[in-house]
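Examination of the molecular architecture
The lines below spell out each chain.
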Amino acid sequence: MPFRFIHTADLHLDSPLRSLALRNSDLAELIGDATRQAFAAIVDLCIDEQVNALVIAGDLYDGDQTSMKTARFLASQMRRLHEAGIATFVIRGNHDALSRITQELIMPPSVTVFGGRPQTIDFAHGDLTLAVHGLSFAKPHAPESLLEKYHRPTPDAVNIGIMHTSLAGAPGHDLYAPCKVSDLHDWNFDYWALGHVHARTQHKGERTVIMPGMPQGRDINENGEKTVTLVTVNDDRSLTIEERATSIAQFERIPVDLSSAETWRETADLIEAAMGNARDQANSTHLVGRLRLTGATPLSFQLRRDRDLLLAETEQRAESLGRTWIEKIEVATIAPASVTSGDTAADPVLELGELMRNDIIKQHGIREAVRDLVKELRDDLPPEARAFSGDNEVAFETLIDQLLAEGSDDILARLKPEASEIN
């Protein structure tokens, strides 16, 4: 009789909104409730697939919050699993270590929450003997590897280890309980159920080591469809690994080339076509897109000047597509060469642009001031939200150049007179 379980991690229930424009209350409500909906979808999946267990490898919560609404929701979902005869194995991650609910919530008897000391749960399932090993974070930080604290494999059993770890490190994540993937393989557990890094990875080797990623993205830096891992332990002790989709809202960056656009209507049509294509490719119920407009177009100034009008038009068209939302529009278009070349003295706005790019920014310490502001902002953000600044110094300096260039263009767009009206 096979033993089947679903492995997930990093649900971050009730995670606060970090980058969404709160002006759109409907979008904010959708994303604010998405982590709960994703967890309910996981419970539905467990019941529909008739699995034997749910494994949660840390960060069920998002930190020090005391919402009784969250407690009631979580208790109701765990009760559903309990009534379906599904066991639940949970370890606490670094965010859970801060949560008061973690300490106070009374779970059904089918739920095992591993403590701050290593623990092994041995049980039989048909002809299979299984051993589930777990260890929770007692504090928000774990600078040392936890691997040596785990029990060694139970002889003649299928050994499943649950660990919250950053492994050797990942972009946007601080080190937590760091360890080498090779050391996990050498520990000889049949399956390592990991958590902490929000992108899914199956680490190749003699054993099965999986970081499932989070089941629901929370902003554009956690883009793409999100899943959980369905594991089947077959009667011969071999493992079958499958993915199952869980994300309710799918974040995606949507590029739009406006090189062919000469009118406002053509611009809107190109944007709608790009959104429609992204909607068709998205498997989640809702698509939340960030548009990036590029290309050389005579509308470049107008797009920057009237970004609010463009957003209103785009949101209306997104609504007509159904379950499609616009999180932000980035305008990175440029004016055609014929517009920017020639005698800039004939156009005071273009002359100012040349002056800004060649003299003002370089000679008046503006670049240094912008650099300091961005660095201060980056350092104040949590590790998982710092990816926008790049992974190295070169990428960071490129970002500063981009901000200065786009800022200059935005200023000029406000000053540039337009001969044509919005069509």
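This is a predicted model, so every value here is computed, not measured.

Calculation rules
Residues numbered from 1 in each chain as written. Predicted model: local features only at pLDDT ≥ 70, side-chain atom pairs only at ≥ 80, totals over all residues. Heavy atoms only, no water. Helix = DSSP H or I, 4+ residues; strand = E, 2+ residues; numbered from the N terminus. Contact = heavy atoms within 4.5 Å. Areas by Shrake-Rupley, 256 points an atom, 1.4 Å probe, with all protein chains shown as cover. Core = buried A, V, L, I, M, F, W, Y, C linked by side-chain atoms within 4.5 Å. Buried < 20%, exposed > 50% of the residue type's maximum accessible area, 1.4 Å probe, protein only. Polar contact = N/O pair within 3.5 Å; in protein donor to acceptor, adjacent residues only side chain to side chain. Phe/Tyr/Trp six-rings, centres within 6.5 Å; stacked < 30°, edge-to-face > 60°. Lys NZ or Arg CZ within 6 Å of the ring centre and 35° of its normal. pLDDT = per-residue confidence, 0-100. Salt bridge = Lys/Arg side-chain N within 4 Å of Asp/Glu carboxyl O. Pairing = 2+ DSSP bridges. Axes fitted to C-alpha atoms, helices over the stretch in contact; angles between N-to-C directions.

What follows covers the overall build of the chain. Counting its secondary structure elements, the chain contains 11 helices and 15 strands. Pairs at least 24 residues apart make up 71% of the contacts formed inside the chain by residues separated by at least 6 positions. For the chain, the accessible surface area stands at approximately 19700 Å², while carbon and sulfur atoms represent 50% of it.

The next thing to look at is the nonpolar core. Nonpolar side chains in soluble globular proteins generally cluster together in the buried interior. With 22 residues, the main nonpolar core has Ile-6, Phe-39, Cys-46, Leu-54, Ile-56, Leu-60 and Met-78 as its most contacted residues. Elements represented by at least two residues in this core include exactly helix H1 (25–49), strand S2 (53–57), helix H2 (68–83) and strand S11 (227–233). Top contributing element to this core by residue count: H1, with 5 residues. When sequence neighbours within four positions are dropped, the list of residues in contact with Leu-54 reads Ile-6, Thr-8, Phe-39, Ile-42, Cys-46, Leu-81, Ile-86, Ala-87, Thr-88 and Phe-89. Leu-258, Ala-282, Leu-291 and Leu-299 belong to the second-largest nonpolar core, a separate cluster that totals 21 residues.

Now for the side chain of Thr-165. Tracing the backbone shows Thr-165 in the loop between strand S7 (158–164) and helix H4 (181–186). Within the structure, Thr-165 has its side chain in polar contact with the backbone oxygen of Ala-177 (distance 2.6 Å). Look past the residues within four positions of Thr-165 in its chain and what remains in contact with it is Tyr-176, Ala-177, Pro-178, Cys-179, Leu-194, Gly-195, His-196, Val-197 and Met-211.

Inspection of every chain in the model, using the stated rule, returns 9 aromatic pairs. The interplanar angle of 55 degrees and the centroid separation of 5.7 Å between the aromatic rings of Phe-3 and Phe-123 together place this pair among those described as tilted. Linking Phe-3 in strand S1 (residues 3–8) with Phe-123 in strand S5 (residues 119–125), this pair joins segments that are 120 residues apart in sequence. Accessibility expressed as a relative area gives 22% for Phe-123, which makes it partly exposed. Linked through ring pairs, Phe-3, Phe-5, Phe-89, Phe-114, Phe-123 and Tyr-191 together constitute an aromatic cluster. Geometry around Phe-73 places Arg-36 over its ring, the cationic atom sitting 5.5 Å from the centre. A cation over a ring is seen here: Arg-152 above Trp-187, with NZ or CZ 3.6 Å from the ring centre.

Further remarks concern the confidence of the model for the chain. Low-pLDDT stretches of the model should not have their predicted coordinates read in fine detail. The pLDDT averaged across the chain works out to 85; a share of 80% of its residues lies at or above 70. In this model residues 418–423 is a low-confidence stretch, pLDDT under 50, and it forms 11 contacts with partners more than four residues away in sequence or in other chains.

Let's shift gears to the pattern of salt bridges. Overall, the coordinates contain 15 salt bridges when judged by the stated rule. The salt bridge involving Asp-44 is made with Arg-80; its shortest N-O contact spans 2.4 Å. Here the residue Asp-44 occupies a position in helix H1, and Arg-80 occupies one in helix H2, the gap between them amounting to 36 residues. Since its relative accessible area comes to 27%, Arg-80 is described here as partly exposed. Of the charged contacts, one joins Arg-200 and Glu-243 as a salt bridge, the two residues approaching to 3.5 Å between their closest N and O atoms.

Extensive coverage of strand S6 (residues 128–134) is indicated by the burial of 6 of its 7 residues. Here S5 pairs with S6 via 7 bridges, running antiparallel. Counterpart to Ile-121 in the pairing with S6 is Val-132. Counting the residues between successive antiparallel strands, the hairpin from S5 to S6 contains 2 residues, one of them, Gly-126, with a positive phi of roughly 60 degrees. The pairing of S6 with S7 spans 5 bridges and is parallel. Residue pairing for S7: Leu-130 is matched across the bridge by Val-158.

Now for the sheet that holds strand S14 (residues 286–294). Taking strand neighbours across the sheet as the criterion, the 3 strands line up as S13-S14-S15 in an open arrangement whose pairing is parallel. Whereas interior strands pair on both sides, the edge strands pair on one side only; in this sheet they are strand S13 (249–257) and strand S15 (324–331). In this sheet, neighbouring strand axes are inclined to one another by 20 degrees on average, regardless of whether the strands run parallel or antiparallel. Two strands pair when backbone bridges link them, and S14 and S15 are joined in this way by 7 bridges, in the parallel orientation. Its bridge partner lying in S15, Val-288 is registered against Trp-325. Together, S13, S14 and S15 form the strand contacts of H1, whose direction differs from that of S15 by roughly 110 degrees.

Read across the open sheet, the 6 strands follow the order S4-S3-S2-S1-S11-S12; overall the sheet is mixed. Each end of this open sheet is capped by a strand with a single partner; those strands are strand S4 (111–113) and strand S12 (239–245). For this sheet, the mean angle separating the axes of adjacent strands, direction not counted, is 20 degrees. Sheet topology places S1 next to S2; 4 bridges connect them, and they run parallel. Bridge pairing in S2 links Ile-6 to Leu-54. Relative to S1, H1 is tilted by about 170 degrees, and along the sheet it contacts S1, S2, S11 and S12. The strands touched by H2 within the sheet are S2, strand S3 (87–91) and S4, with S3 carrying the most contacts at an inclination of about 140 degrees.

Once that is clear, we can look at unusual backbone geometry. Of note, the phi angle at Asp-10 is positive, near 55 degrees, even though the residue is not glycine. With respect to the helices and strands, Asp-10 occurs in the loop between S1 and H1. For Arg-237, which is not a glycine, the phi torsion comes out positive at approximately 75 degrees. For Arg-237, the location among the structural elements is in the loop between S11 and S12. Its relative accessible area of 35% is what places Arg-237 among the partly exposed residues.

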